[in-house]
Amino acid sequence: MHPTDDTKSHAVNPNEAPQTAEGWYQLHELWHVDWSAWRQAPPAERRNLVAQAADWLRIAAAAGGKGDAACYGVVGQKADLMLLFYRESPAALHEAQQSFRRLGLARYCTPAYSYLSVIEASLYEVQAIAHWKLAERKIAPGSPDYATALDEELAKQRKVLEARLFRSIPEARHICFYPMNKRRGEQVNWYALPMDERRKLMKGHGRVGQKYGQQVTQVIGGSIGLDDWEWGVDLHAEDPLIFKKLVTEMRYDPASSMYAEFGPFFIGLRHAPDELARLLNVE
Amino acid sequence: MHPTDDTKSHAVNPNEAPQTAEGWYQLHELWHVDWSAWRQAPPAERRNLVAQAADWLRIAAAAGGKGDAACYGVVGQKADLMLLFYRESPAALHEAQQSFRRLGLARYCTPAYSYLSVIEASLYEVQAIAHWKLAERKIAPGSPDYATALDEELAKQRKVLEARLFRSIPEARHICFYPMNKRRGEQVNWYALPMDERRKLMKGHGRVGQKYGQQVTQVIGGSIGLDDWEWGVDLHAEDPLIFKKLVTEMRYDPASSMYAEFGPFFIGLRHAPDELARLLNVE
Amino acid sequence: MHPTDDTKSHAVNPNEAPQTAEGWYQLHELWHVDWSAWRQAPPAERRNLVAQAADWLRIAAAAGGKGDAACYGVVGQKADLMLLFYRESPAALHEAQQSFRRLGLARYCTPAYSYLSVIEASLYEVQAIAHWKLAERKIAPGSPDYATALDEELAKQRKVLEARLFRSIPEARHICFYPMNKRRGEQVNWYALPMDERRKLMKGHGRVGQKYGQQVTQVIGGSIGLDDWEWGVDLHAEDPLIFKKLVTEMRYDPASSMYAEFGPFFIGLRHAPDELARLLNVE
Amino acid sequence: MHPTDDTKSHAVNPNEAPQTAEGWYQLHELWHVDWSAWRQAPPAERRNLVAQAADWLRIAAAAGGKGDAACYGVVGQKADLMLLFYRESPAALHEAQQSFRRLGLARYCTPAYSYLSVIEASLYEVQAIAHWKLAERKIAPGSPDYATALDEELAKQRKVLEARLFRSIPEARHICFYPMNKRRGEQVNWYALPMDERRKLMKGHGRVGQKYGQQVTQVIGGSIGLDDWEWGVDLHAEDPLIFKKLVTEMRYDPASSMYAEFGPFFIGLRHAPDELARLLNVE
Amino acid sequence: MHPTDDTKSHAVNPNEAPQTAEGWYQLHELWHVDWSAWRQAPPAERRNLVAQAADWLRIAAAAGGKGDAACYGVVGQKADLMLLFYRESPAALHEAQQSFRRLGLARYCTPAYSYLSVIEASLYEVQAIAHWKLAERKIAPGSPDYATALDEELAKQRKVLEARLFRSIPEARHICFYPMNKRRGEQVNWYALPMDERRKLMKGHGRVGQKYGQQVTQVIGGSIGLDDWEWGVDLHAEDPLIFKKLVTEMRYDPASSMYAEFGPFFIGLRHAPDELARLLNVE
């Protein structure tokens, strides 16, 4: 899992695929509650199952120090509950998901949607800094020392990134989760752009993100090769209007207006273990 | 929730994303009724559940002074009931939706579709007026006082808008609800147009709307970052033929013919709390 | 509902949206039968429910003189039953649909598809005749008398149309129902064509229709603003091969080859009230 | 049903829609078996129901001399059973489908997919031969005798076709069924090509088919105006690898590479009435 | 099944469809577990059913020496179990799938997705080598001996391929399964490219694959004519991050960036027969 390792192998061809560092694997699990069956269960059983679920959520969030977990109530009918897990591997995520299925509460839940990704930080920026530092040190691209020196620089910058990659779930009240792709149209194709062009577009894109940086925490999950879209985006904010403002402003930015394709959007309200009773309509 | 606040932060870059003011958050919830189970319930139980639902609808519409609610019977099989809530936040909408799920009637209902948005007024027009007033006062764009003066003007115009943004649900007998996008095609892309072009197109579009203004009340819900389409449109009218006339005429207007993409259309008939018994086939 | 009224309001801008006259609102309701549950009901109950349904269908077809109704058996698995209602308003359609849901038979039925539209006649042709008559009378477009004279001419022609708009359901044995759109592609866009071009294309299209006029009755339901497609087309014929011949020939006509997009096709066999027992496998 | 009749009516406009002759109507009905419920039925009941189904299949295949029927086990989860019916009319197909729904076995089956079409032979080739014969006889297109002479020639050639149009179901062990369209894109549009171009493309396409003619029997069902795609294709072969080889080779042929759009593919293994017990896991 | 046979018939037209050799047929079967029903079964029954399933999996993997089988736990909600079968024919796959449906465990499983394909090796490379060897031997294309000599060369190279085509399932802990197409767009169309162009693009594509060859085993299933996509790809690796790295890097390679279209992605964790109890939450 040490992110430095695979940078090395990619560094040889800086013109092609963007380099990324990866942190926790993430699983979003959305569930419908069968309210009709749930309401017919005896009140005492419902209370027990909610208490059991609250205990489970506390343990899942502790994650033995290796990850995090949270539960959200979903606005509208796309789902009733959204569980979010951070874990060190797909195997650990699988264990977390199975532990939920063993709960009594799971008997009243049916699948609504899930999404697998891994927290990702683009190395576009890191690379730019690293290349600039090497230029300062007069190490020319292609020279014998270049690859080694670049690896060293990247390793330094990655330290900074690790705190972001292996973070805990932001504590804000609201979450906005959506998957997205970069367009691969017949004329307009992100993946056919030269890296410089992509880098420039992402820089403009980043500026919009920074503008809202105080009000929203963005967690990008990379999911090429893992799930049906290329990224899963989580926005965490106290004020949900920020979701609209941020996504709207980005939509007029060329990186999105020309190249982004969006999946379903899910809006959730974080519920702590103590608040599960209210979320589940248990008095 | 005071709409003036975020205008300020956006006003600095008048060439890009359109500025909007927001009012009530809206939730459309569409439900299928399980007629077979419902008919098998004893008549006395059905009467009780309908009375309970009618009481609930009255309270939900009162909304403690902060919003509104209404219930529609849906024509065709897309759903049987449509609930429409106006509330001050997604959290208040979530509370409203959960209160419905606690009703006995909800045991006979299964989800059909839902849509989350926030009532939105475009500031295209407001801005045009404000800029023109500043021009009258000889305050040039880019001059040191411009941003402040613009904010003041916008604040004035917004007062007028607030009545629209925090309104009650129009009382007309018929509703037409549909979500829509502006196209982001490879050649034809709304979001890649310069703002002037968009403003001009929206003006023509507005003229069609005004022509029908006497016969139909339009409520636009913005939903970028909140749900799967960019807007949710509600048309309220006494004469349902107006829905066809209005949407047809708009479809030949360039803002729609070139740029609009439409989701599902739902046609509903408003039922007051007293009329729920008839809507639910309870004698 | 008097179709003359809204012509007046549209006549002012003959270059844009085509003008239409409207008649009965139509609802197509398609149902799956739960054959397994139905077969397990006692034979006497099934006989009673079929008799009740047959009575209901007779009353629904009479429609108090304001509409019609029919029932079709559907070929294949898209549905088992198709109900077709003609009524004077969406509210009357809603009442008709609810009356079906109150039948005992409805307990064995689950929704398969529905479609809401209103019988529509294009005024392209009517207008052409009216304009030509005014030209004969030397009343120039733009002259003070023009609008009034045009309205009078249109009113006359509409009398002829009304018999078509407020008709009964054609009695042919077979029905072919499908919804369709005119294309709004990035390059090929019906709604961006000048009206003259559209009129010319529709004329060619009409010629194909006329060629089959003896063998098939076509009922066009307009559904912009009412349902998910722009039109719902019903073809009624004794010989089902005509459906294939007619739709194929039209597909090579430019109005369709370039501009038509088709939804699902449903083929039904009309069953009179007396024939419901056979349709429902009741001996 | 006599195929000569409608040739006459089409012969007047040889530049447009291709002329076809039609034979049996076809219905593909795919069913999921509810294995869980089926396994819980008592063994004696299952044996009875299988015997009843086997008898039914024999009678359905006999079809009173007017058609055929067959049953296939489907590989994978798209369905468990595929029934294929040939009949003289949609009404006769409807009767066949209803007779299956009356079986005890049908209680354990739920719909998976169905497809309605009519066996079709293109008259491209027939016409080419006929025109060439008329040219030999020095009857010029447009001359008074041309239409009559052409009809006579076509009638002769159609005799040959009838054996193909009113055939029995090929007996090969494997079936590959898929629906398809010809593309109607904004730039690449089959239906906007001149007939000569289409004829040339279909000739190349035909050559690929002929190459595999020994190993595979192809039955083309036309379904424009009858179902959601334009054609339903059945390939029947002893060696299932031929499906891959044939469809792959065609995909590189311009008629397919540019113009074909494909629906779902279903692979089935033919089971005679005697083999239904094995197919249904009855010991 | 001898792969040499059909090469012969294709060798005559080296400009068109790529030539492939085929090995085992593959079936991916994904299942949802009904956890609610499963948890309600008595522990002893669950233990028995798991033991029965483990025995079944051992026998299915042995496959009488003609194939293999494996079971994976799926991350997320797309499915709970993925079964993978290698067999010599669709008929043998059908038998394998039916044997699973006969298990007691299958009563608790509902279909999630399945995919039929046949392990395929492209002969692009083999042909290049063969042609080059013939050139060395001065046998000119078109000369009388060419076809025979080419067949001999191809036969030699195929021996090497057979080990790959008739392999056992790679033993790695993680699987990534996804179906894909080559694009057939209106402007960008893989199937309309000359073979040389395709060969060049695939060579670049292959280089990316080779780079990861140590860390991942790729098994390509061809499915044109067999299932809804053109290929089913299995990646097997110990480190699941490799799936993301490999698929990302390929996405920037022109063969993918311009021409690949991807279906759903499924990530699974291999479970040996002994591990089924844990996978099924049986203590």
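Per-chain numbering applies: the sequence of each chain, read as written, is numbered from 1 onward. Chain letters start at A and ligand numbers start at 1, both assigned in the order the entries are written. Restriction of local features to residues with pLDDT of at least 70 applies here, the model being predicted, together with a cutoff of 80 or more for giving and counting side-chain atom pairs; totals for whole chains, interfaces and linings are based on all residues. The basis for every side-chain value is the complete set of non-hydrogen atoms in the structure, without hydrogens or water.

Asks: Explanation requested: the overall build of chain A in the structure shown.
Replies: Helices and strands together make up the secondary structure of chain A, namely 10 helices and nine strands. On the principal axes, the C-alpha backbone points of chain A span a range of 75 × 40 × 35 Å. The cut-offs for exposure are 20% and 50% of the maximum accessible area for each residue type, with area from a 1.4 Å probe on protein chains only; residues under the lower value are buried, those over the upper are exposed, and the others partly exposed. Evaluated residue by residue, chain A yields a buried proportion of 60% over its 283 residues. Taking the contacts inside chain A whose residues are at least 6 apart along the sequence as the reference set, 77% of them involve residues at least 24 apart. With the model as given, the accessible surface of chain A reaches about 11100 Å², and the carbon-plus-sulfur share is 53%. Helix and strand assignments come from DSSP, with helices taken as H or I runs of at least 4 residues and strands as E runs of at least 2, each series counted from the N terminus. Two residues form a contact once any of their heavy atoms are found within 4.5 Å. Exposure was quantified through the Shrake-Rupley algorithm and a 1.4 Å probe, taking into account, for residues, occlusion by the shown protein chains and nothing else.

Asks: Teacher, can you tell me more about the interface of chain C and chain B here?
Replies: Buried accessible area, meaning the area lost when the parts come together, often serves as the stated size of an interface. On the side of chain B, 42 residues touch chain C, which itself brings 47 residues to the contact. A pairing counts as a salt bridge when a side-chain nitrogen of Lys or Arg comes within 4 Å of a carboxyl oxygen of Asp or Glu. For the pair chain C and chain B, the number of links is seven salt bridges. Of the charged contacts, one joins Glu22 of chain C and Lys245 of chain B as a salt bridge, the two residues approaching to 3.1 Å between their closest N and O atoms. Distance and chemistry together define a polar contact, namely a pair of N or O atoms within 3.5 Å, with one atom able to donate a hydrogen and the other to accept it when in protein, and with adjacent residues in sequence counting only for side-chain atoms on both sides. Here chain C and chain B share 27 residue pairs in polar contact (both at pLDDT 80 or more) between them. Looking at the side of chain C that touches chain B element by element, the count peaks at eight residues for helix α4 (residues 90-101) of chain C. Residues are grouped as follows: Ala, Val, Leu, Ile, Met, Phe, Trp, Tyr, Cys and Pro are nonpolar; Asp, Glu, Lys and Arg are charged; all remaining types, including Gly, are polar. Counted by class, the side of chain C that touches chain B contains 20 nonpolar, 13 polar and 14 charged residues.

Asks: Explain the nonpolar core to me, please; I cannot follow it from the model alone.
Replies: Soluble globular proteins tend to bury their nonpolar side chains together. Counting residues in each nonpolar core, the largest one holds 336 residues, and the members touching the most others are Trp38 of chain A, Trp38 of chain B, Trp38 of chain C, Trp38 of chain D together with Trp38 of chain E. The residues touching Trp38 of chain D, leaving out its near neighbours within four places in the chain, are Val33, Arg46, Leu49, Val50, Leu105, Tyr108, Leu280 and Val282 of chain D. The definition of a nonpolar core used throughout is a set of buried Ala, Val, Leu, Ile, Met, Phe, Trp, Tyr and Cys residues joined through side-chain atoms within 4.5 Å.

Asks: Hey, could you run me through the pattern of salt bridges in this one?
Replies: Once their charged atoms are close, side chains differing in charge can pair, the charge on each being opposite to the other. Scanning all chains against the criterion turns up 70 salt bridges over all chains. A salt bridge links Arg58 of chain D to Asp55 of chain D, with the nearest nitrogen and oxygen atoms 3.0 Å apart. Of the two residues, Arg58 of chain D and Asp55 of chain D both sit in helix α3 (residues 43-62), three residues apart, roughly one turn of that helix. Residue classification places Arg58 of chain D among the partly exposed positions, given a relative accessible area of 40%. Here Arg58 of chain E ties to Asp274 of chain E by a salt bridge, and the two come within 3.0 Å at their closest N and O atoms.

Asks: What's the story with the interface of chain D and chain E in this structure? I'm lost.
Replies: Chain D puts 43 residues into the contact, and the matching count from chain E is 48 residues. Computed with a 1.4 Å rolling probe, the buried area is the accessible surface lost when two parts are put together, summed over both parts. When residues of chain D are sorted by the area they lose upon contact with chain E, Gln77, Lys244 and Tyr252 of chain D head the list and together hold 22% of the total. Counting the contacts that link chain D with chain E gives seven salt bridges. Among the ionic pairs, Glu120 of chain E bridges to Lys244 of chain D, the shortest N-O distance being 2.7 Å. Run the count over chain D and chain E and you get 28 residue pairs in polar contact (both at pLDDT 80 or more). The set of elements that each furnish at least two residues to the side of chain D that touches chain E consists of α2 (35-40), β2 (67-74), α8 (241-251), α9 (254-257), β8 (260-262), β9 (266-271) and α10 (276-279) of chain D. Here the side of chain D that touches chain E takes eight residues from α8 of chain D, the largest share from any one element. The residue makeup of the side of chain D that touches chain E, split by class, is 19 nonpolar, 12 polar and 12 charged.

Asks: In this structure, what is going on with the relation of the copies chain C and chain B? I would like to understand it.
Replies: Here the second copy of the chain follows from the first by a rotation about an axis and a shift along it. A residue counts toward the fit only if its pLDDT is at least 70 in both copies, and the copies are then superposed by least squares on the C-alpha atoms of those residues. Mapping chain C onto chain B is achieved by rotating through 73 degrees and translating by 0.1 Å along the same axis, at an RMSD of 0.2 Å. Considering both components of the superposition, the chain copies are consistent with a five-fold axis. By residue overlap, the copies meet through two different surfaces: only 6% of the interface positions of chain C are interface positions in chain B.

Asks: Looking at this structure, how should I read α4 of chain C?
Replies: For an α-helix, the turn length of 3.6 residues means that residues three or four places apart are oriented alike. Residue and element names in this part refer to chain C. Between its terminal C-alpha atoms α4 stretches 16 Å, which fits the 16 Å expected from 12 residues at 1.5 Å a residue. Counting buried residues in α4 gives 10 out of 12 residues, a clear majority hidden from the surface. Regarding α4, the residues found buried are Pro90, Ala92, Leu93, His94, Ala96, Gln97, Gln98, Ser99, Phe100 and Arg101. A helix is expected to span 1.5 Å multiplied by its residue count minus one.

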